[in-house]
Amino acid sequence: MSITDYDGFNRLCELCGIVESYYDIRGVHHVASLEVKQSLLAAMRIGESHNTDDEIHASLKKMWLRDWQHIVNPVHVYAHSNDAHNIALTLNPGQTGRPVHWQIVEDNGQIHQGDWQFDAHDAADECDVEGNQCLRFYVSIPSTSDIGYHSLNLQLADGATASSLLIATPETSYQPESFKAGRKAWGVSLQLYALRSKRNWGMGDFTDLNNAIDILAPKGVDVVGLNPLHTLFSHLPENASPYSPSNRDFLNPVYLDIEAITEFEHSDKAQRLVNHADFQSNLQSLRDAPLVDYTGVWQAKLAVLEILYEQFRTEIEQSGAEPISSDRITQFRQYQAEGGQDLLKFSQFEALQLFFNQQDAAIERWQQWPDAFHNPESNSVTSWAKSNLDKIEFHTYLQWLSVTQLSAVQQNCQNKGMHMGLYNDLAVGNEPFSSACWAEQTNYGLDIGVGAPPDDFNLLGQNWGLPPQLPQLLSDDRYRLFINTLRANMRHAGALRIDHVMGLMRLYWVPEGYTADLGVYVNYPFNDLLGILSLESQRNRCLIVGEDLGTVANEVRHQLWLKKILSYRVLFFEKDWQQNTFKSPSEYPQHALCTSGSHDLPTMKAYWQGLDLNLRNALNLYPSDDVKHQHRHARGHDIHAIKQALNHEQLISDEDLQDDSKTELSPQMFQAIQCFLARSQSLLMMVQLEDIFLQTNQLNVPGTVNEYPNWRHKISVELENWIEGGEIENLANSIGRERN
């Protein structure tokens, strides 16, 4: 039997947040197919299938009854104000006519309480739930003294209890005091792995980052932007994309400076290994390599980390004997306790994945583990964990070391007087074979990949392969995962970039087996998520930047502006599209970050010379020769239009404007472009480190995996030589004059 009640099917899709159609950036109208919508419903686990009217009606009933199955909803997110907030209660007739005692416990300890009493005749609505009459009432709860997470507890006369998390959100996200005073800031964005130095082990580490701060802070730099530092897959070190993590709540230990770890100072065994001629020769080869050798770097670091953990375990068993102080052991135990079950499950996953991969190198995903280990709560996992406590604790130790070193960097930023310091980057999601998806399987649509619809840079659309969190479960879980991720990424940062910020409102879902251009948007509780983001921003004193490039609804940008979340403005896209000219600095919005590049775009020098167009052609990324020729023609026009904008601001001469013989980007032209952006009213301006040294290698080419060495190119200049060429000094002086 096939579907005949298409109205019912569409109502079900609407209730589940599935958007019927959308217009892409070129104005093309895309309508979701029946088959794709059925795949999305299956991923949401709304029902067994939706191939008949009866199945559709069963799911409709299930969705309708969701709001009637709790005395009070698990969570309420609302703007904090002096006005009372209304919430719904669902009671049975036997619970009316008698007092309902309520108590609100604010997170500062303040308590409000009282009694409500309801008459069944005054119910605002009623519903039959499996033969039981349910009555709906609305009550007003008093305002809390401040923003935060507060508990509402209910005690009914028949002995029933219920609770709800009240999340009172601020009017805006956090703004640094310098912004409130109207002071504009600027910073440098870098890829931490790409840093070269005479002392690192073949890729940038936390000590390199600290040393970069020491160089940049005295030049007036207030912010240092980073690639996502999320943990990836230690058993697959060549899976290097920081935007395809295993867990966004934990750090990648490959960034550890091994020689800065306390245990290394006191380990003769570790020092003998590192100082051996063969080991030193290997480190020099890793440093000299033109691309980051992730496998080589991690193998070298892991060999020493295992020795350091052995010593740390010995010191724990000796109850704090020298040389490791008891304070250090106490700090580790405190970190373990604060991490709780989330940290424990992550460490268990890391140990299990390494265990199975060592048995069989073909086992790269938890979905390939024996079935008994797929559930983190299973007896098999519990039993294995009891027998392998040291293997599990080793990964907790790595996280503790990573957090310790990263927090020291942010402290250094503050000590140097930087107004924000580290500017972290939050990826859209986690890989399907990640520790996050293993630990929280019921919260993810594992048969879906999040992506983006077709646009000018990705004509066939994108599927990033990251499974989305199921929107209908977010509030059921009181937004626990979202809150945890925000806290983990704001804890040691002064600013946080939300990659693909439109995902707070809707995500582009691509079902397994379908091409990216056939994806469909799914709505999310935008106001709730934006409110929580603002709350965590305030509590962590962390500025928020929303990456809003590509196809973005106007409502998203308006709400970002209201919440004082900075928009993300890239020079190449800041155009008057009707006139085909570039916007002047005065036309850039105030609440924005402006820049001339990003990790997915060509460097300024490559853009100027058209090297990225050559690369796209070599990689067969153009769907046709016509599109290739259109892009090359448009590039020539855009470069001239940029020069016109610079000339209008008197940043280049009339002679430079008319001279088309210079196809390479000169240091003077690059500096003029940065001064152009620095002159804007945007509160924050960022410069890519690759651009400062006029590099041409693109960090990442969207649409490629193994065809191009993404996330591997190193900075051409060693950290110790950054000052010698004068590029940073000259740029800092020019930007400083324009920003002040």
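What comes next concerns the included structure. (Residues numbered from 1 in each chain as written. Predicted model: local features only at pLDDT ≥ 70, side-chain atom pairs only at ≥ 80, totals over all residues. Heavy atoms only, no water.)

From N to C terminus, the protein includes 24 helices and 26 strands. In terms of C-alpha radius of gyration, the protein reaches 28 Å, essentially the compact-globule figure of 27 Å for 740 residues. By principal-axis analysis of the C-alpha atoms, the protein measures approximately 85 × 75 × 55 Å. Relative to its 740 residues, the protein shows a buried fraction of 57%. Relative to all contacts within the protein whose residues are 6 or more apart in sequence, the contacts with residues 24 or more apart total 73%. (Helix = DSSP H or I, 4+ residues; strand = E, 2+ residues; numbered from the N terminus. Rg over C-alpha atoms; globule rule 2.2 N^0.38 Å. Buried < 20%, exposed > 50% of the residue type's maximum accessible area, 1.4 Å probe, protein only. Contact = heavy atoms within 4.5 Å.)

Turning to the sheet that holds strand E5 (residues 100-105), a few remarks are in order. On the basis of which strands lie adjacent, the open sheet formed by five strands has the order E3-E10-E9-E5-E6 and mixed pairing. Of all the strands in the sheet, the pair left with one neighbour each is strand E3 (75-79) and strand E6 (111-116). Pairs of neighbouring strands in the sheet enclose a mean axial angle of 20 degrees, with direction left out of account. Where E3 meets strand E10 (residues 161-169), five bridges bridge the pair, whose relative direction is parallel. Within E10, the residue paired with Val75 across the bridge is Leu165. Contacts from helix H16 (residues 526-540) reach E3, strand E9 (148-156) and E10 within the one sheet, and its direction differs from that of E9 by about 120 degrees. (Pairing = 2+ DSSP bridges. Axes fitted to C-alpha atoms, helices over the stretch in contact; angles between N-to-C directions.)

In this structure, His374 sits in the loop between helix H10 (326-359) and helix H11 (379-387). A residue is classified by how much of its surface remains accessible, and His374, at 18% relative accessible area, is buried. In the structure, His374 is positioned 239 residues away from Leu613 in sequence and 45 Å away in space, judged by C-alpha atoms. If sequence neighbours within four positions are ignored, His374 has contacts with Trp366, Gln367, Gln368, Trp369, Trp438 and Gln441. Polar contacts involving the side chain of His374 include one to the main-chain carbonyl oxygen of Gln367, which spans 3.4 Å. (Polar contact = N/O pair within 3.5 Å; in protein donor to acceptor, adjacent residues only side chain to side chain.)

With that settled, consider the packing of helix H19 (residues 611-618) against helix H20 (residues 625-648). Packing of H19 against H20 leaves a shortest axis separation of 10 Å and a crossing angle of 175 degrees. Between H19 and H20, the angle falls in the class roughly antiparallel. Facing Asp612, Leu613, Asn614 and Asn617 of H19, the residues of H20 in contact are Lys628, His631, Arg632 and Arg635. Looking at the contact of H19 with H20 residue by residue, the class counts come to one nonpolar, three polar and four charged. (Parallel < 35°, antiparallel > 145°, perpendicular 65-115°, else oblique. Nonpolar A, V, L, I, M, F, W, Y, C, P; charged D, E, K, R; others polar.)

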